[in-house]
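What follows is each chain in one-letter form.
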Amino acid sequence: MAQKKFDQRLGRTTLESLPTQPGIYRFFNEADELIYIGKAKNLRRRISQYRNARRCKAHAKMKKIVAEAVRLEHETCETEFDALTLENDLIQKHRPKWNVQAHFISYTP
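From a predicted model like this one, the values you see are computed outputs, not experimental measurements. (Residues numbered from 1 in each chain as written. Predicted model: local features only at pLDDT ≥ 70, side-chain atom pairs only at ≥ 80, totals over all residues. Heavy atoms only, no water.)

A. Seen up close, the layout of surface pockets. Taken as a whole, the largest pocket encloses approximately 200 Å³ of empty space. If you go around the largest pocket, you meet 11 residues; those closest to its centre are K4, K5, R51, A53 and K63. Mapped by element, the contributors of at least two residues to the lining of the largest pocket are α1 (5–10), α3 (43–51) and α4 (60–68). Per-class residue counts for the lining of the largest pocket are 5 nonpolar, 2 polar and 4 charged. (1 Å grid on protein atoms, 1.4 Å probe; cavity = no way out; pocket = protein on both sides within 12 Å on 5 of 7 lines; lining within 4 Å. Points joined across faces, edges and corners; volume = space filled by probe spheres on them. Helix = DSSP H or I, 4+ residues; strand = E, 2+ residues; numbered from the N terminus. Nonpolar A, V, L, I, M, F, W, Y, C, P; charged D, E, K, R; others polar.)

B. Seen up close, the pairing of strand β1 (residues 23–28). The buried fraction of β1 amounts to 6 of the 6 residues, a majority that puts the element mostly inside the structure. A two-sided burial pattern is seen for β1, the buried positions comprising G23, Y25 and F27 on one face and I24, R26 and F28 on the other. Judged from the 6 bridges that link them, β1 and strand β2 (residues 34–40) form a sheet pairing that is antiparallel. Across the sheet, G23 pairs through a bridge with A40, a residue of β2. Once β1 ends, the chain turns through 5 residues before running back antiparallel as β2, passing D32 with a positive phi of about 60°. Where β1 lies against strand β3 (residues 71–76), 6 bridges are found, and the strand directions are antiparallel. Residue pairing in the sheet places Y25 in a bridge with H74 of β3. (Buried < 20%, exposed > 50% of the residue type's maximum accessible area, 1.4 Å probe, protein only. Pairing = 2+ DSSP bridges.)

C. Region of interest: the sheet that holds β2. An order of β2-β1-β3 is seen for the 3 strands of this open sheet, with the pairing classed as antiparallel. Each of the sheet's edge strands pairs with one partner strand only, and the pair in question is β2 and β3. Each strand axis lies, on average, 20° off the axis of its neighbour in the sheet, ignoring direction. Strand contacts of α3: β1, β2 and β3, with the helix running at about 35° to β1, the strand carrying the most contacts. Against the sheet, α4 makes contact with β1 and β2, and its axis sits at roughly 130° relative to β2, the strand it touches most. (Axes fitted to C-alpha atoms, helices over the stretch in contact; angles between N-to-C directions. Contact = heavy atoms within 4.5 Å.)

Set out below in structure tokens:
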């Protein structure tokens, strides 16, 4: 069986090393640029969705991120809310190219 693109790019043991806790994850490209930030209730389960993305419109973005990524980092959080807050803060700070910018508009009174 052919090796999955995820395994080729990020390593076959990547999923096994991930915790099942809430947290955030970051994908980087070959130029070491941050290209995507996401959050998860369960990091291992969420990243496995990238590994198992199919050829359908709903998974197109995941497949494009995996095709470009060469490194994955993660950070665990105490709660899913903490992960959501951290994800939003990091997206605002770094503006990764694959995060939809319109969803993360900062509000200043």
